[in-house]
Amino acid sequence: MVIIILTLINKSLWSITIVLLIFSGLYFTWRLKFIQFRIKNMFKGFKSRESSVASPFKVLMLTLGARIGIGSLAGVALAIYIGGPGTVFWLWISTIIVASNAYVESYLGVLFHEKHDGFNRGGPSYYIDKGLNNKSLAKIYSIIVLITYILGFLTIQANTIAKSFQNFNNSNPLVIGILLAIISGFVIIRGTKGIIDVSSKIMPFIGILYIAVSIYVLGNNLDKLPDIFRLIITGAFDFKSVGMGILTPFIIGFQRGIFSNEAGVGSGAIAASTVDNDDARGQGMIQVAGIYFTTLVLCTITAFMVLLSNYQEINLENINGIELTQYAFNYHLGNYGGIILMITIFIFAFSTIISGYYYGETSFKYLKRDATNKEIMILKIITLTLLIGGSIANSLFLWNLVDIFIAIMGMINIYAIFKLRSKVK
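Calculation rules
- Sequence positions are assigned chain by chain, starting from 1 and proceeding in written order.
- With pLDDT at 70 or above as the cut-off, local features in this predicted model cover only qualifying residues; side-chain atom pairs require 80 or more to be listed or tallied, and sums for whole chains, interfaces and linings still use all residues.
- The basis for every side-chain value is the complete set of non-hydrogen atoms in the structure, without hydrogens or water.
- Put simply, DSSP marks the helices as runs of H or I at least four residues long and the strands as runs of E at least two long, and each gets a number from the N terminus on.
- For every residue, the accessible area (1.4 Å probe, protein chains only) is compared with the maximum for its type, and the residue is labelled buried under 20%, exposed over 50%, or partly exposed between those bounds.
- The definition of a polar contact used here is a pair of N or O atoms within 3.5 Å, where within protein one atom must be able to donate a hydrogen and the other to accept one, and adjacent residues in sequence count solely through side-chain atom pairs.
- Contact between two residues is taken to exist if any of their heavy atoms lie within 4.5 Å; hydrogens are not considered.
- Put simply, a nonpolar core is a bunch of buried Ala, Val, Leu, Ile, Met, Phe, Trp, Tyr and Cys residues held in one set by side-chain atoms that sit within 4.5 Å of each other.
- Put simply, two rings from Phe, Tyr or Trp (the six-membered ring, in Trp's case) pair if the centres are within 6.5 Å, and we call them stacked under 30 degrees between planes, edge-to-face over 60, tilted for the rest.
- For a lysine, the NZ atom is tested; for an arginine, the CZ atom; a charge sits over a ring if that atom is within 6 Å of the ring centre and within 35 degrees of the ring normal.
- Only the contacting stretch of a helix is used when fitting its axis, a line to C-alpha atoms as for every element, and angles between N-to-C directions run 0 to 180 degrees.
- For this classification, under 35 degrees means roughly parallel, over 145 means roughly antiparallel, 65 to 115 means roughly perpendicular, and everything else is oblique.
- Under this grouping Gly is polar, as are all residues other than the nonpolar Ala, Val, Leu, Ile, Met, Phe, Trp, Tyr, Cys and Pro and the charged Asp, Glu, Lys and Arg.

Peer 1: Honestly, unusual backbone geometry in this entry has me stumped. Any pointers?
Peer 2: Peptide bonds are, in most cases, trans, and in most cases residues other than glycine have a negative phi. The backbone of lysine 33 shows a phi angle near 55°, a positive value even though the residue is not glycine. Turning to its location among the elements, lysine 33 is positioned in the loop between helix H1 (2-31) and helix H2 (56-67). In this structure lysine 33 comes out as exposed when scored by relative accessible area, which is 61%. Despite not being glycine, phenylalanine 34 has its phi angle at roughly 55°, a positive value. Mapped onto the elements of the fold, phenylalanine 34 is located in the loop between H1 and H2.

Dropping the structure here:
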């Protein structure tokens, strides 16, 4: 009953959020003269001090660590399972439209960031406060980020890792959750520098590995790719498809696209603001490149891996989505596929946990500017405890809970960036 109620709330809120995201995306696309299509400008921002602790490259890795995670592996598979292949098309379209939102929020994040404990910190709470002079709304946004990431986003990562190991070798989910909390604790205990350093080292490695394996599989199925494209396009415009016809793949595609790349909800601006320079334009363009890589590359190859398998044969309850991706990897690569995916899942989810914790800590430090080391330590302990609880929680409950709060984050952030539109160049 609780899940049914959450699902209804989820769909209602996302119906509103999608309209706002599309409107703002189209508006900023036009106002900024199609900024998201200026591919060659996306890499100019990397010229600044790459050896620094919070260089543009390292900050991009921190952002990708939060964005990629399970949304690129489990989320897109879940979208196909619920809404059909047509969701992939709307996932592509949503990414291109909302890319301009990612530029704007990252631009504003850098424009209004401020020094705290030796690092720049910023994001929607800061530009709502300093740009709109609305401290109450800024605090509400920070509270929602704390709930969304510490309570929801991170527990989904733990849940997915635990389910993956359980499906792979029948491991005890609680034991996996405890081990994950211990490993995560070693990183977040080191603070911002430790989180940035680890993210910048593991993200390039695992990204290259996942793409290389996927290209190998797609290369072995080149003759089937035209049929997959046809299936995606026809499914996107099939008025007789599951649920509410075309609205089902449309809404789910947009929802999962936003979930994976987070463009427009403001969280990416939290990481972008960490950069140790004031190049707002450069950081904005880098973040556009980041969401393209997350959704148009990683989510797409995951979707193709699933669609090239016999995923329709699976009938699951309390589905997380990762079960379909595991099935696809085993289908294409046998036992090796399961091992490769286990490594990928763990590192992607782990990177999201440490990056998501950083978002939560930044929001907490905005709410309590004079936070003591003891209070930050309590936040870390709560985070690690929730990771353990998330490993044995109900998957559908977690997905719905996080989706609801992300929708609320999106509403607040779109309002803020639209009100501050005159500040963006």
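Having seen it, we continue.
Peer 1: How do you make sense of the side chain of arginine 121 when you look at a structure like this?
Peer 2: Looking at the element boundaries, arginine 121 is found in strand E2 (residues 119-121). In this structure the side chain of arginine 121 is engaged in a polar contact, spanning 3.4 Å, whose partner is the side chain of glutamate 361. At 2.9 Å, the side chain of arginine 121 and the side chain of threonine 362 are in polar contact. What arginine 121 contacts, discounting residues up to four positions off in sequence, is His113, Glu114, His116, Tyr126, Thr192, Ser273, Tyr358, Glu361, Thr362 and Lys365.

Peer 1: I keep staring at the nonpolar core and nothing clicks. Help me out?
Peer 2: Generally speaking, a soluble globular protein has its nonpolar side chains buried in company with each other. In this structure, Tyr103 and Tyr127 are the most contacted members of the largest nonpolar core, which totals 132 residues. Per-element accounting of this core gives the leading share, 15 residues, to helix H12 (residues 280-307). Tyrosine 127 has contacts with Glu105, Leu108, Gly109, Phe112, Leu132, Ala269, Asn413, Ala416, Ile417 and Leu420, leaving out every residue within four places of it along the chain.

Peer 1: Would you take a moment to explain the packing of aromatic side chains for this structure?
Peer 2: For any pair of aromatic rings, geometry is given as the distance between the ring centres together with the angle between the planes. As enumerated under the stated definition, the model contains 15 aromatic pairs in all. With 5.7 Å between their ring centres and 55° between their planes, phenylalanine 23 and phenylalanine 418 make a pair best called tilted. With phenylalanine 23 in helix H1 and phenylalanine 418 in helix H16 (residues 395-419), the pair connects residues that are 395 residues apart, well separated along the chain. Judged by its relative accessible area of 24%, phenylalanine 418 is partly exposed. Through successive ring pairs, a cluster of aromatic residues spans Phe23, Tyr27, Phe28 and Phe418. Between the NZ or CZ atom of arginine 421 and the centre of the ring of phenylalanine 418, over which it lies, the distance is 4.3 Å.

Peer 1: So what exactly am I meant to see when it comes to the packing of helix H3 (residues 75-83) against helix H4 (residues 86-111) here?
Peer 2: In a pair of packed helices, the angle between the axes and the distance between the axes together describe the arrangement. It is the contact of H3 with H4, at a shortest axis distance of 8 Å, that shows an interaxial angle of 130°. In this view, H3 runs oblique relative to H4, as classed from their interaxial angle. The residues of H4 that touch H3, namely those facing Val76, Ala79, Ile80 and Gly83, are Thr87, Val88 and Leu91. Here the contact of H3 with H4 is composed, by residue class, of five nonpolar, two polar and no charged.

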